[in-house]
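The primary structure of each chain is shown beneath.
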Amino acid sequence: MKGKVYLVGAGPGDYKLLTLKGLECIRKADVIVYDRLANINYLKEAKKGCEFINVGKASSHHLLPQDQINRLIADKALEGKIVTRLKGGDPYVFGRGGEEGELLKAEGIEFEVVPGVTSAIGGLCYAGIPITHRDHASSFHVITGHLRKDGKENPEINWNALANMKGTLVFLMGVSNLKNISENLIKEGMSKDTPVAFVSWATRYNQRVVTATLEDAYEVAIREEVKPPTLIVVGTVVNLRDTLNFFEKKPLFGKSIMVTRSRSQNSKLVERIMDLGGNPIEIPTIKIEKVQDNKELENEIKNLKDYTYLVLTSKNGVDIFFDKLDEMGLDCRALANIKVCSIGATTSKAIIRRGIKPDIQPEKAVGESLYDELKDIVNKEDNVLKATDKVLIPRAKNAREFLVKKLNEISNVTEVVTYESVMDDSKKEEAINALEEGNLDYITFASSSTVTNFINLIGEENKDKLSNTKIISIGKITTKTILDNGLEVYKESEKASIESMIEAMSE
Ligand code: SAH
């Protein structure tokens, strides 16, 4: 059985500059072979168990040579696997995609190529430079600056033509050959005053643009320490940058923001930070561990007809409960005669997604409020939560006692543990290192428990490292926990919401 290979252009770096087709290929891959210019965050989209092979570590001296990469891809496909080869930009723009495809063809391996946004065009765009413009350039030329090492002129490059076409010139891989490039262009008649831009890490939060003229380009690049990956742009379109630069004007452009995460709500925060040009660094603090093979839950589900109330107190609790129903061949109709109670809006949303409208949901998402609602039912004569009522509460281990205890006083409660929140230390080192390096602009806390969990994660002994970073708090209660830990709050958001936190940072 032969597998299949997708040669996929991953775009220039901005996470959202990937095609839908590219994303599909990432999601279905058994193996992903990627190099340093492809945004590694895409790997998060891969399916469980997908193998990741990095063939382009910039710092490594053991960078895999192209023929070995070709071989590797072919071998994986010959094992019957779906291989997605992720390349920065477009696979055919100095990406050696052609060579990879040729080998696959020779081996009889099926393949498809998915184009990507090349840095040569998209990277310029994010620097505010349109590659063509009716007043400036009616053609463009994308050239490799990776010239022959022996210094002899590369016969494939016609400098005379390039210097006189009046089109925009974009050199890729050109930093180490800059002197050669500018000298050749001037020698062949291009004006010394022609604007030049160096665009490094284009479309990423750390994009940096340096401008010069053809004459002083080399000097400026040395002085400003321009390093690869950089696009060298030559042409008067560079002058439009002042007007068309939208990306670097975004309110969080260039900012690195650590997002401490314990619940799904933070994906919105991450998303917004990216939209506003910032670099979110996600650090999960806790993870959910489901009780495996939960016989107790199965038993209670078998006895559902004896229950009159089901109380759900978290989204996780909802998902685990309904997944179990499904696993047992049941669906929401099993709850037809039961009153379903939700602790709050997020939990209700999850219940509604399973086809049920909760009968009861208090305004404030706390145990006390839910108890108050249920207690009131006791007082309504036609609808009484009686001593004979049986209440099922599937929920987390070590959840607060309050609700179960109080409801037990007026009815008959069965609590089933369905999951546990445990520390997630998968990113512990990354978090500590980032705090130590001091390159973070902000760290956000969106709940009191994330403060505690985060400190537990990094360890009391590392707590002081947090004082290097500006702390953003979502609201009063969270602020109190931060202060109680001997830390300072740089800014508290006005309203206790993610959007308000974003505003606080943007200001
Ligand atoms: N296939 C890629 C190019 C690969 S060659 C594409 O279509 O974009 C590698 C060179 O591309 C780098 O040396 C650099 O010159 C350029 N490059 C790629 N991504 C870049 C980025 N985000 N910022 C600046 N230059 C980039």
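Our subject in this report is the structure included herewith. Not measured: the values here are computed from a predicted model. (Residues numbered from 1 in each chain as written. Predicted model: local features only at pLDDT ≥ 70, side-chain atom pairs only at ≥ 80, totals over all residues. Heavy atoms only, no water.)

1. A look at the sheet that holds strand β5 (residues 110–114)
What counts here: Here the rule is simple: two strands pair whenever DSSP picks up at least two bridges between them. Each helix is a run of DSSP H or I of at least 4 residues and each strand a run of E of at least 2, with the numbering of both proceeding from the N terminus. What counts as an axis is a line fitted to C-alpha atoms, over the stretch in contact for a helix, and the angles between N-to-C directions run from 0 to 180 degrees.
Read from one edge to the other, the open sheet built from five strands follows the order β3-β2-β4-β1-β5, with strand pairing classed as parallel. Only two strands of the sheet have a single neighbouring strand rather than two, namely β3 (51–54) and β5. Between one strand and the next, the sheet's axes are offset by a mean angle of 15 degrees, whatever the strand orientation. Taken together, the four bridges between strand β2 (residues 31–34) and β3 define a ladder with parallel strand orientation. Of the residues in β3, the one forming a bridge with Ile 32 is Phe 52.

2. Structural notes on the packing of aromatic side chains
In plain terms, the rule: Pairing of aromatic rings covers Phe, Tyr and the six-membered ring of Trp, with a centre-to-centre limit of 6.5 Å; geometry is then stacked below 30 degrees between planes, edge-to-face above 60, and tilted otherwise. Here the term buried applies to any residue with accessible area under 20% of the maximum for its type, exposed to any over 50%, and partly exposed to those in between, with areas from a 1.4 Å probe on protein chains only. Whether a charge lies above a ring is judged from NZ of Lys or CZ of Arg, which has to be within 6 Å of the ring centre and within 35 degrees of the ring normal.
A complete count under the given rule lists nine aromatic pairs for this structure. Aromatic side chains Phe 247 and Phe 253 sit 5.3 Å apart centroid to centroid with 70 degrees between the ring planes, which places their arrangement in the edge-to-face category. Across the pair, exposure class does not vary: Phe 247 and Phe 253 are buried alike. Plain terms: the ring middles of Phe 445 and Phe 454 are 5.8 Å apart, the flat faces sit at 70 degrees to each other, and that makes the pair edge-to-face. By relative accessible area, which is 0% here, Phe 454 ends up buried. Looking at Lys 179, its charged tip hangs above the ring of Tyr 218, at a distance of 5.7 Å from the centre.

3. A closer look at the site of the ligand
Rules: Near, as used in this document, describes a residue that has one of its heavy atoms within 4 Å of the molecule or strand being considered. Pairs of N or O atoms are called polar contacts if they sit within 3.5 Å, as long as, within protein, a hydrogen donor faces a hydrogen acceptor (for residues adjacent in sequence, only side-chain-to-side-chain pairs). Computed with the Shrake-Rupley method and a 1.4 Å probe, the accessible areas treat only the protein chains shown as cover for residues. Three residue categories are used. Nonpolar comprises Ala, Val, Leu, Ile, Met, Phe, Trp, Tyr, Cys and Pro, charged comprises Asp, Glu, Lys and Arg, and polar comprises the others, including Gly.
Near the ligand lie 17 residues; those nearest to it are Val 93, Thr 118, Ser 119, Ala 202 and Thr 230. A distance of 2.9 Å separates a nitrogen atom of the ligand from a polar atom in the backbone of Gly 88. Asp 90 is positioned with one of its backbone polar atoms (N or O) 2.8 Å from an oxygen atom of the ligand. Burial of the ligand by the protein chains amounts to 93% of its free accessible area of 540 Å². Of the residues contributing to the shell around the ligand, the split by class is eleven nonpolar, five polar and one charged.

4. Section: the nonpolar core
As a reminder, the rule being used: Buried residues of nine kinds, namely Ala, Val, Leu, Ile, Met, Phe, Trp, Tyr and Cys, make up a nonpolar core once their side-chain atoms join them within 4.5 Å. The contact rule is simple, with two residues in contact once any of their heavy atoms fall within 4.5 Å.
With 24 residues, the main nonpolar core has Trp 159, Leu 169, Phe 171, Leu 185, Phe 198 and Val 234 as its most contacted residues. Listing elements by their share of this core, those giving two or more residues are α5 (159–164), β7 (168–172), α6 (178–187), β8 (195–200), β9 (208–213), α7 (217–223) and β10 (230–234). Among residues more than four places away in sequence, those in contact with Phe 198 are Leu 178, Arg 208, Val 209, Val 210, Ala 212, Ala 217, Ala 221, Val 226, Thr 230, Leu 231 and Ile 232.

5. Focus: a nonpolar patch on the surface
Stated precisely, the cut-off is as follows: In this analysis, a patch consists of residues with relative accessible area above 30% that form no salt bridge, clustered at 9 Å for like charges and at 5 Å for the nonpolar side chains Val, Leu, Ile, Met, Phe, Trp and Tyr. By definition, a salt bridge exists where a carboxyl oxygen of Asp or Glu is found within 4 Å of a side-chain nitrogen of Lys or Arg.
A surface patch of nonpolar side chains, amounting to about 400 Å² of accessible area, comprises Phe 94, Ile 121, Phe 140, Val 142 and Met 173. Topologically, Phe 94 is positioned in the loop between β4 (82–87) and α3 (97–106).

6. Looking at the side chain of Thr 84
With respect to the secondary-structure elements, Thr 84 resides in strand β4. On the accessibility criterion, Thr 84 (0% relative accessible area) is buried. Within the structure, Thr 84 has its side chain in polar contact with the backbone oxygen of Cys 25 (distance 2.8 Å). Each residue touching Thr 84, except ones within four places of it in the same chain, is listed here: Tyr 6, Val 8, Cys 25, Ile 26, Ala 29, Val 31, Ile 32 and Val 33.

7. Some words on the sheet that holds strand β14 (residues 309–312)
In space, the five strands of this open sheet follow the order β13-β17-β16-β14-β15, with mixed pairing throughout. Among the strands making up the open sheet, the edge pair consists of β13 (286–290) and β15 (339–342). If you compare each strand with its neighbour and ignore which way they point, the axes differ by 25 degrees on average. Both β14 and β15 contribute to a ladder of four bridges, which runs parallel. If you follow Val 311 over to β15, its bridge partner there is Cys 341. Packed on one face of the sheet, helix α10 (residues 295–302) meets β16 (390–396) and β17 (412–423) and runs near 145 degrees to β17. Each of β13, β14, β16 and β17 touches helix α11 (residues 315–327); the most contacted strand, β14, lies at about 130 degrees to it.

8. A closer look at unusual backbone geometry
Cis geometry marks the peptide bond from Pro 228 to Pro 229, where omega comes out at -5 degrees. Relative to the helices and strands, Pro 229 resides in the loop between α7 and β10. In this model, Asp 293 sits at a positive phi of 50 degrees, which is unusual for a non-glycine residue. For Asp 293, the location among the structural elements is in the loop between β13 and α10. The phi dihedral of Asn 398 falls on the positive side, at around 65 degrees, and the residue is not glycine. Accessibility expressed as a relative area gives 70% for Asn 398, which makes it exposed.

9. Some points on the state of the cysteines
This is how the line gets drawn: By definition, disulfides here are pairs of cysteine sulfur atoms that lie within 2.5 Å.
For the coordinates displayed, the defined rule picks out zero disulfides. Here Cys 25 is not disulfide-linked; the sulfur of Cys 50 is the nearest cysteine sulfur, at 12 Å. Looking at Cys 341, it has no disulfide partner, and the nearest cysteine sulfur is the one in Cys 332, 16 Å off. Classification of Cys 341 as buried rests on a relative accessible area of 0%.

10. Some words on helix α14 (residues 402–410)
Side chains three or four residues apart in an α-helix point the same way, a direct result of the helix having 3.6 residues per turn. Defined as follows: Arc definition: directions from the helix axis to the C-beta atoms.
For α14, the complete set of buried residues consists of Leu 403, Val 404 and Leu 407. Along the axis of α14, the buried residues cluster in a sector spanning 95 degrees; they form a single face.

11. Here's the deal with the pattern of salt bridges
Scanning the model with the defined rule gives 38 salt bridges in all. Residue Glu 327 is joined to Lys 324 by a salt bridge in which the shortest nitrogen-to-oxygen separation is 3.2 Å. Here the residue Glu 327 and the residue Lys 324 both occupy positions in helix α11, the gap between them amounting to three residues, near one helical turn. The buried category is assigned to Lys 324, whose relative accessible area is 8%.

12. Some remarks on the environment of Lys 324
In sequence terms Lys 324 and Val 259 are 65 residues apart; their C-alpha atoms lie 32 Å from each other. For Lys 324, the contacting residues outside a window of four places in its chain are Asn 294, Leu 297, Glu 298 and Ile 301.

13. Considering helix α2 (residues 66–78)
Our working definition: In this analysis, the expected span of each helix is defined as 1.5 Å times one less than the number of residues it contains.
Across its 13 residues, α2 extends 18 Å between first and last C-alpha, which sits within 8% of the 18 Å expected from 1.5 Å per residue. Lining the buried residues of α2 we find β1 (4–9), β2, β3, β4 and α3. Phi turns positive one or two residues past the end of α2, at Gly 80, with a value near 95 degrees.

What is shown is where atoms sit, not what they do.
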